[in-house]
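Next come the chains, spelled out residue by residue.
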Amino acid sequence: MWLKLLLTVFVICVLGAVYGVYRLHLYAGPKAKKAEKQAEIDRQTWLQQKHLVFEETDQFLDTVSLPSSLLEPRVYNQQLELLKYPDRKRFGDWRYESNEELIVAPLQEPLHGFLDSLKKKGLSVKGFEDEFLAELVRRISSRNYRHYAAQLGDFIREGQDFQGAVGGFFDLLGIDKNEPARPSFMVSLSNYYKEPMVFKTTARGNQDFTEGIGMLDFLRKYLQFKGVTTNPIPIKELHDELEEVFKRYAPMDGPGD
């Protein structure tokens, strides 16, 4: 008798579990399909609108100081996080903010104003922040390259190696070979990569950092274009290479050579 009772209870529990799974399937299935359908609608809307978004982006870049700091990968990732999670609370105290947060802080007000203007025109980047920022940075890089190409000219001679090409770059900067002093942008970049707490004290409004990232982004692409390198050198790696060449810069081309 007890065996029959236990078996009956077991069967009831199994049937109850099966029914529960069935109900969950009925409940979750349509919702999942609805979410997938909405995601596809959003994707199609974005594909139709993104060329208009990027036309507006060019106009936006005409109105701001070129944010070349976004060409640095860590700064880029910080900006992407802020785009995806705009309501995430900030500390509000620079001592507890990352250097990347301090770097991108001045850009947030004009960028949010731009995104609000897109919404008023029926355009939105919500859900596609990755694509939006990637294209924004591509356009920043293109403008940055044209700027430095016009400013510095074609300074790499045919057949020059990396050290000679970078030495020519230093020549253009007007560095005194008798008393070589690192340019302020190299000091800022060195602090950023090696002395973050020192960098933090000057991060707000630090134009040297933005200028340095812009120069290095130009230089890594120009070196590849001239055949000095086979691929663009990552910015941090290029910074380290510049520091090494700079140590030998004065002896390499000193007086009397």
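Here the structure is a predicted model, which is why all the values come from computation and not from measurement.

A word on the overall build of the protein
Across its full length, the protein carries 10 helices and 0 strands. Each helix and strand of the protein, placed in order from N terminus to C terminus, yields the pattern α-α-α-α-α-α-α-α-α-α. Taking all 257 residues of the protein together, 39% fall into the buried category. Counting only carbon and sulfur atoms, one obtains 57% of the accessible surface of the protein, whose full area is about 15800 Å².

Some words on helix H3 (residues 99-120)
Its 22 residues place the ends of H3 33 Å apart at the C-alpha level, agreeing with the 32 Å of an ideal helix rising 1.5 Å per residue. At Ala105, H3 is bent by approximately 45°, the largest bend along its length, and proline Pro106 sits one to four residues beyond. For H3, the full list of buried residues reads Asn99, Glu100, Glu101, Leu102, Ile103, Val104, Leu107, Gln108, Leu111, Phe114, Leu115 and Leu118. Looking one or two places after H3, you find Gly122, whose phi comes out positive at around 80°.

Describing the pattern of salt bridges
Under the definition given, this model contains 14 salt bridges. One salt bridge in this structure joins Arg220 and Asp217, with 3.0 Å as the shortest N-O distance. Here the residue Arg220 and the residue Asp217 both occupy positions in helix H8 (residues 207-225), the gap between them amounting to 3 residues, near one helical turn. Judged on exposure class, the residue Arg220 and its partner Asp217 are both buried. Salt bridges sharing partners connect three or more residues here, namely Asp58, Asp62, Glu135, Arg138, Arg139 and Arg143.

So, helix H4 (residues 129-152)
The first and last C-alpha atoms of H4 sit 34 Å apart over 24 residues, in line with the 34 Å expected at 1.5 Å per residue. Among all positions of H4, only Glu129, Phe132, Leu133, Glu135, Leu136, Val137, Arg139, Ile140, Ser141, Asn144, Tyr148 and Leu152 are buried. Looking one or two places after H4, you find Gly153, whose phi comes out positive at around 75°.

Points about the environment of Asp130
Assignment of secondary structure puts Asp130 in helix H4. Sequence separation of Asp130 and Leu80 is 50 residues, and the distance between their C-alpha atoms is 6.9 Å. Residues contacting Asp130, with those up to four places away along its chain left out, are Tyr76, Leu80 and Lys84.

Observations concerning the environment of Tyr222
With respect to the secondary-structure elements, Tyr222 resides in helix H8. Along the sequence, Tyr222 and Ala149 sit 73 residues apart, while their C-alpha atoms lie 8.5 Å from each other. Setting aside its immediate chain neighbours within four residues, Tyr222 contacts Tyr145, Gly153, Asp154, Phe155 and Ile156. Separated by 3.2 Å, the side chain of Tyr222 and the backbone nitrogen of Ile156 make a polar contact.

Some points on the packing of aromatic side chains
Evaluated as defined, the whole model comprises 16 aromatic pairs. Measuring from ring centre to ring centre gives 4.7 Å for Phe60 and Phe114, while their planes differ by 15°; the resulting arrangement is stacked. Residue Phe60 is found in helix H1 (residues 2-63), and its partner Phe114 is found in helix H3; the two are separated by 54 residues along the sequence. Accessibility classification places Phe60 together with Phe114 in one group, the buried group. Judged by centre distance (6.4 Å) and plane angle (25°), the ring pair of Phe114 and Phe132 falls under stacked.

Examining the nonpolar core
Formed by 59 residues in total, the largest nonpolar core has its most connected members in Phe132, Phe169, Phe170 and Leu242. Within the residue set of this core, elements represented by two or more residues are H1, helix H2 (73-84), H3, H4, helix H5 (162-172), helix H6 (184-194), H8 and helix H9 (235-247). Those residues in contact with Phe169 that sit more than four places away from it in its chain are Leu152, Phe155, Phe185, Met215, Leu219 and Leu242.

So, the packing of H4 against H8
Orientation of H4 relative to H8, taken along the N-to-C sense of each, is 80°, at an axis distance of 9 Å. Taken together, the axes of H4 and H8 lie roughly perpendicular to each other. Side by side, H4 and H8 meet where Ser141, Asn144, Tyr145, Tyr148, Ala149 and Leu152 of the first sit next to Glu211, Gly214, Met215, Asp217, Phe218, Lys221, Tyr222 and Phe225 of the second. When the residues that make up the contact of H4 with H8 are grouped by side-chain class, the tally is 8 nonpolar, 3 polar and 3 charged.

Calculation rules
- Residues numbered from 1 in each chain as written.
- Predicted model: local features only at pLDDT ≥ 70, side-chain atom pairs only at ≥ 80, totals over all residues.
- Heavy atoms only, no water.
- Helix = DSSP H or I, 4+ residues; strand = E, 2+ residues; numbered from the N terminus.
- Buried < 20%, exposed > 50% of the residue type's maximum accessible area, 1.4 Å probe, protein only.
- Areas by Shrake-Rupley, 256 points an atom, 1.4 Å probe, with all protein chains shown as cover.
- Expected span 1.5 Å × (residues − 1).
- Bend = angle between axes of the 7 residues up to and from the residue.
- Salt bridge = Lys/Arg side-chain N within 4 Å of Asp/Glu carboxyl O.
- Contact = heavy atoms within 4.5 Å.
- Polar contact = N/O pair within 3.5 Å; in protein donor to acceptor, adjacent residues only side chain to side chain.
- Phe/Tyr/Trp six-rings, centres within 6.5 Å; stacked < 30°, edge-to-face > 60°.
- Core = buried A, V, L, I, M, F, W, Y, C linked by side-chain atoms within 4.5 Å.
- Axes fitted to C-alpha atoms, helices over the stretch in contact; angles between N-to-C directions.
- Parallel < 35°, antiparallel > 145°, perpendicular 65-115°, else oblique.
- Nonpolar A, V, L, I, M, F, W, Y, C, P; charged D, E, K, R; others polar.

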